[in-house]
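Breakdown of the fold
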Amino acid sequence: MRVRPAWPPPPTWLSGASTSLSSEAGGQVGASIAKWGHVRVFSPWRYNIDAAARRLLNGAGWQAPDDDWLPTGAEIIEDYLAPLAKVLGDRVRVNARVSAITRLGFDRVRTNGRQDVPFLIRLENGEELYAWAIIDASGTYTTPNVLGASGLPAHGEADVAALIDHALPDVPGRIALFSVADKAAAPLAAVALAQAVGYGWVIGAVASACAIAAFGLLAYHRL
Ligand SMILES: Cc1cc2nc3c(=O)[nH]c(=O)nc-3n(C[C@H](O)[C@H](O)[C@H](O)COP(=O)(O)OP(=O)(O)OC[C@H]3O[C@@H](n4cnc5c(N)ncnc54)[C@H](O)[C@@H]3O)c2cc1C
């Protein structure tokens, strides 16, 4: 039988059997999913929504997405995780990275009775919380494999770390950025050429059309 220790008194958010807290390191719920928000998943909505979460959301007047739709990461956040976080209120904390988890009052040389004391959770900001159960859902997205074989970094990998994208960069978005930049530069080059060869008004008009298209693309890609 588990006995709650008299000291320290569990914080109020742990006093009820159903009380729980979600601690998210990122600045928003689904912070890792947001990094691949441009990718569509292969499981339709019906497999992505937890039954208990659905009950909570339904009680809050949520509009359930189409069960058969394959959402993008961004849609998972917008249509599911963000509304769920709103329902859960202050039980969801963002910018709250867990830096360590241990058993209260126990270190590596003590074992007997570990199961009878709560977990002690230390956040990066120094705050300490207590819990009787923990689900580590920190994922793997922020701790990718190294590039080298045998689980070791490739020689020199650390030196170019800033240039390596480990997982699912938004390549089309980046290509669009370059193509927009190219298109934005093209009118300027065209005007310069026009002035040089004396067809200013014709090429100037073409250049203006290019500029409008470039800004249209820019707005479309929200860059
Ligand atoms: C492109 C893509 C498509 C996918 N499609 C599918 C699919 O169709 N069907 C399917 O079933 N699965 C799919 N998956 C897998 C699925 O997304 C993952 O299995 C799932 O997101 C894992 O959930 P998680 O909560 O464990 O981790 P994550 O979703 O990675 O979330 C971990 C969270 O923990 C936070 N965190 C990390 N460290 C700490 C810390 N120390 N303290 C506090 N917070 C921390 C991170 O900021 C992050 O928000 C897909 C994955 C990817 C990348």
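Here the structure is shown first, and the text comes after it.
As the structure is a computational prediction, the values presented were derived from the model and not from experiment.

1. Some remarks on unusual backbone geometry
One non-glycine residue with positive phi stands out, namely N95, at about 50°. As for its position among the elements, N95 is in the loop between β2 (92-93) and β3 (98-103). With a phi close to 60°, S150 is a non-glycine residue in the positive phi region. Given the relative accessible area of 74%, S150 is considered exposed.

2. Digging into the sheet that holds strand β5 (residues 128-131)
Taking strand neighbours across the sheet as the criterion, the three strands line up as β3-β4-β5 in an open arrangement whose pairing is antiparallel. At either margin of the open sheet sits one strand with a lone partner, and together these are β3 and β5. Across this sheet, the average inter-strand angle for adjacent strands is 25°, counted without regard to direction. By the bridge criterion, four bridges tie strand β4 (residues 119-123) to β5 in an arrangement that is antiparallel.

3. Side note on the site of the ligand
The immediate surroundings of the ligand are formed by 19 residues, with E24, A25, F42, S43 and V98 found nearest. Interatomic distance of 2.7 Å between a backbone N/O atom of F42 and an oxygen atom of the ligand. For the ligand, the protein covers 66% of the area, taking 990 Å² as the surface of the free molecule. For the shell around the ligand, the element with the most residues is helix α1 (residues 31-35), which contributes three residues. When its residues are assigned to classes, the shell around the ligand shows 11 nonpolar, six polar and two charged. Two domains each put at least three residues into the shell around the ligand: domain 1 (1-20 + 95-139) and domain 2 (26-93).

4. Topic: the nonpolar core
W36, V41, W45, I49, A53, L57, W62, I76, Y80 and L84 form the largest nonpolar core, which has 10 residues in total. Of all the elements in the fold, those that place two or more residues in this core are α2 (51-58) and α3 (73-88). In terms of residues, this core owes the most to one element, α3, which gives three residues. Excluding residues within four positions of it along the chain, W62 makes contact with I49, R54, L57, D79 and P83. Among the nonpolar cores identified, the runner-up in size contains five residues, and I121, L123, L129 and A131 belong to it.

Criteria and thresholds
Residues numbered from 1 in each chain as written. Predicted model: local features only at pLDDT ≥ 70, side-chain atom pairs only at ≥ 80, totals over all residues. Heavy atoms only, no water. Helix = DSSP H or I, 4+ residues; strand = E, 2+ residues; numbered from the N terminus. Buried < 20%, exposed > 50% of the residue type's maximum accessible area, 1.4 Å probe, protein only. Pairing = 2+ DSSP bridges. Axes fitted to C-alpha atoms, helices over the stretch in contact; angles between N-to-C directions. Near = heavy atom within 4 Å. Polar contact = N/O pair within 3.5 Å; in protein donor to acceptor, adjacent residues only side chain to side chain. Areas by Shrake-Rupley, 256 points an atom, 1.4 Å probe, with all protein chains shown as cover. Nonpolar A, V, L, I, M, F, W, Y, C, P; charged D, E, K, R; others polar. Domains from an automatic or database assignment. Core = buried A, V, L, I, M, F, W, Y, C linked by side-chain atoms within 4.5 Å. Contact = heavy atoms within 4.5 Å.

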